[in-house]
Structures are given as C-alpha cells and as structure tokens.
Amino acid sequence: MPWLPELFSAPVLQQILDQRRRDALVAVPYFDGLLAGDPDPLVESFAGAPELHDPIRGRVRDEAAFRAFVTETSAWLREHDATVDDVEHVILERSGFEEVVLHLVTERGRVDLPVAIVAERRPDGRIDEIRVYFDSEPLTGRRTGRAPLLQPDTELTVPTAVASYVEALGAAHDTRLETCALVDDGRACALEYNVVRPGTALALPQAGLAVFAADGNGGLAAVRVYGDSGA
C-alpha cells in the first residue's frame, strides 16, 4: 500500500517480493516504492495529478513537485541507510493504511521512527491522495503543530471502543478530538482527527492519527498514535 504493483518493472517488483519473502503483492508498500528510485510507477499510481501530505515537506501537489519529492526522498533514505519493518496494514476498496517503523542512521545516531500512511483510492486501486503521519521531532529536533489535513466529519461512525477511548482521552488532556476519516476492517482501524485545545496558546486545531487494534472481544488490544499533536 499504496502503489500499484503492475506499474513497476519486473526486476524491481521481483526485488521487492524477494525482500519481503512474498509470492505476490496487492500493493507495493510506501517506502518500497520510494526506495525503488523511479518516480514513473508512483506518478502513474495516482488517478490524477499526484497529491501527498508530508509532515516535514507539507503539501506536495502536481507531477513536477511530486517527482522532485520522490527523487529527493529516495536519495535521503539511501543516504541514511533506511530500512523498514512492517507493523500493520489494511487495504479496502476506497482507502487503506499501513504502519511501519522506519530505521535510519543519522548524525544524532540511530532513529527508529514509527510512520503511518493513509491513501484514498479509486475502485481500480489508483490513488486520489496520500497522507503521511509521524512525529517530526526525532528528525528535526523540535515538535511542530501540523494544521488539519481534513475537515471534521460529524456523521462519521467509529467503533464503540474507539469512541470511548477518544472521549476518555479528551477528558484526560482537556482536549477535543474532531474525527475526520476512518479506515476499518474490523480487526484494525486508522482514525484521522484534529486535536482542539480550547482556551490555550495552542488553540488552533492540529492533525493527528491513531491506529486501534481490536482485541476480538469488543475492546482494544493496542493504540498507536502518530503525529506531533501529542494526543
């Protein structure tokens, strides 16, 4: 998730399959596509003009900007000896998400960076938009607020255990979470939200994402939070 496997050259796709010890891929993972170093299959994976939201680079929109992003990011990942460990992924007809831990060698030493990627998809698998979430502090040395990427969806229905967690989190931290989008296969779900802290210097909403793993009994086995929002 999210790139279309059929768009990659046979040698590149085989290399990815060998690295992951798989016989086939429904979708090529985010960082595998970037590390391949060829922007063409990534550009062609989009239904229209590429659009991606990155915590550090911000909004990357149109083909020229996206090609530059891929080239620069691929070089940066290789320069820092990047490797990736999978955590979770869900691919549905109209959306999907993946979680990984990105391992980097930096001037500050080794960094193990949890990353979550959400893609909005067409029924044919092509991408409308990609949104990437991680805590920027390990890379930049500072935590910065990230403006909302999505508008709140007041009609969004989330699992009961997730709703209870969100309500309890807001009460504990004197915040309000505006739920925006959900990718849920019943086993794990990724919830995108805006964190609102009324009456503080950080009153502007900030974007965040959390992944909730179900325990099979109506509760939660794990919660993993991504982004600089602190929620």
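Residues numbered from 1 in each chain as written. Predicted model: local features only at pLDDT ≥ 70, side-chain atom pairs only at ≥ 80, totals over all residues. Heavy atoms only, no water.

Trainee: Describe the nonpolar core, listing the residues and the values that go with them.
Mentor: Ranked by internal contacts, the top residues of the largest apolar core, which has 34 residues, are Trp3, Tyr30, Phe31, Phe66, Val115 and Ile130. Secondary-structure elements contributing two or more residues to this core are helix H1 (10-20), helix H2 (30-36), helix H3 (39-44), helix H4 (63-79), strand E6 (95-106), strand E7 (109-121) and strand E8 (127-133). Take this core: its biggest share by element is five residues, from E7. With residues near it in sequence (within four places) discarded, phenylalanine 31 still touches Leu77, Val84, Val100, Leu102, Val115 and Ile117. Val90, Ala116, Val118 and Tyr133 belong to the second largest nonpolar core, which has twelve residues in total. (Core = buried A, V, L, I, M, F, W, Y, C linked by side-chain atoms within 4.5 Å. Buried < 20%, exposed > 50% of the residue type's maximum accessible area, 1.4 Å probe, protein only. Helix = DSSP H or I, 4+ residues; strand = E, 2+ residues; numbered from the N terminus. Contact = heavy atoms within 4.5 Å.)

Trainee: Lay out the pattern of salt bridges in plain terms, naming residues and giving numbers.
Mentor: Overall, the coordinates contain 16 salt bridges when judged by the stated rule. With a closest N to O distance of 3.8 Å, arginine 61 and glutamate 51 form a salt bridge. Linking arginine 61 in strand E4 (residues 58-61) with glutamate 51 in strand E3 (residues 51-54), this pair joins segments that are ten residues apart in sequence. A residue is classified by how much of its surface remains accessible, and arginine 61, at 47% relative accessible area, is partly exposed. Across the pair arginine 176 and glutamate 178 runs a salt bridge whose closest N-O atoms are separated by 3.3 Å. (Salt bridge = Lys/Arg side-chain N within 4 Å of Asp/Glu carboxyl O.)

Trainee: Lay out helix H6 (residues 160-173) in plain terms, naming residues and giving numbers.
Mentor: Counted at 1.5 Å a residue, the expected span for H6 with its 14 residues is 20 Å, and the 20 Å between its end C-alpha atoms agrees. Along H6, the residues classified as buried are Ala161, Val162, Val166, Leu169 and Gly170. Considered in projection along H6, the buried side chains sweep an arc of 170° and stay on one side of the axis. Exposed side chains of H6 directed beyond 90 degrees from the buried face belong to Thr160, Glu167, Ala171 and Ala172. Here the buried face of H6 lies against strand E9 (176-184), strand E10 (188-196), strand E11 (206-214) and strand E12 (220-226). Of the residues one or two after H6, aspartate 174 is the one with positive phi, at around 55°. (Expected span 1.5 Å × (residues − 1). Arc of directions from axis to C-beta.)

Trainee: So, unusual backbone geometry: which residues are in play, and what are the values?
Mentor: Residue proline 2 is reached from methionine 1 by a cis peptide bond, and omega for that bond is 20°. Along the polypeptide, proline 2 turns up in strand E1 (residues 2-3). Phi at aspartate 62 is positive, roughly 90°, even though this residue is not glycine. With respect to the helices and strands, the residue aspartate 62 is situated in the loop between E4 and H4. Note on aspartate 62: relative accessible area 38%, which makes it partly exposed. With a phi angle near 50°, aspartate 81 is a residue other than glycine that sits in the positive phi range. Along the chain, the position of aspartate 81 falls in the loop between H4 and strand E5 (83-91). A relative accessible area of 52% means that aspartate 81 is categorised as exposed.

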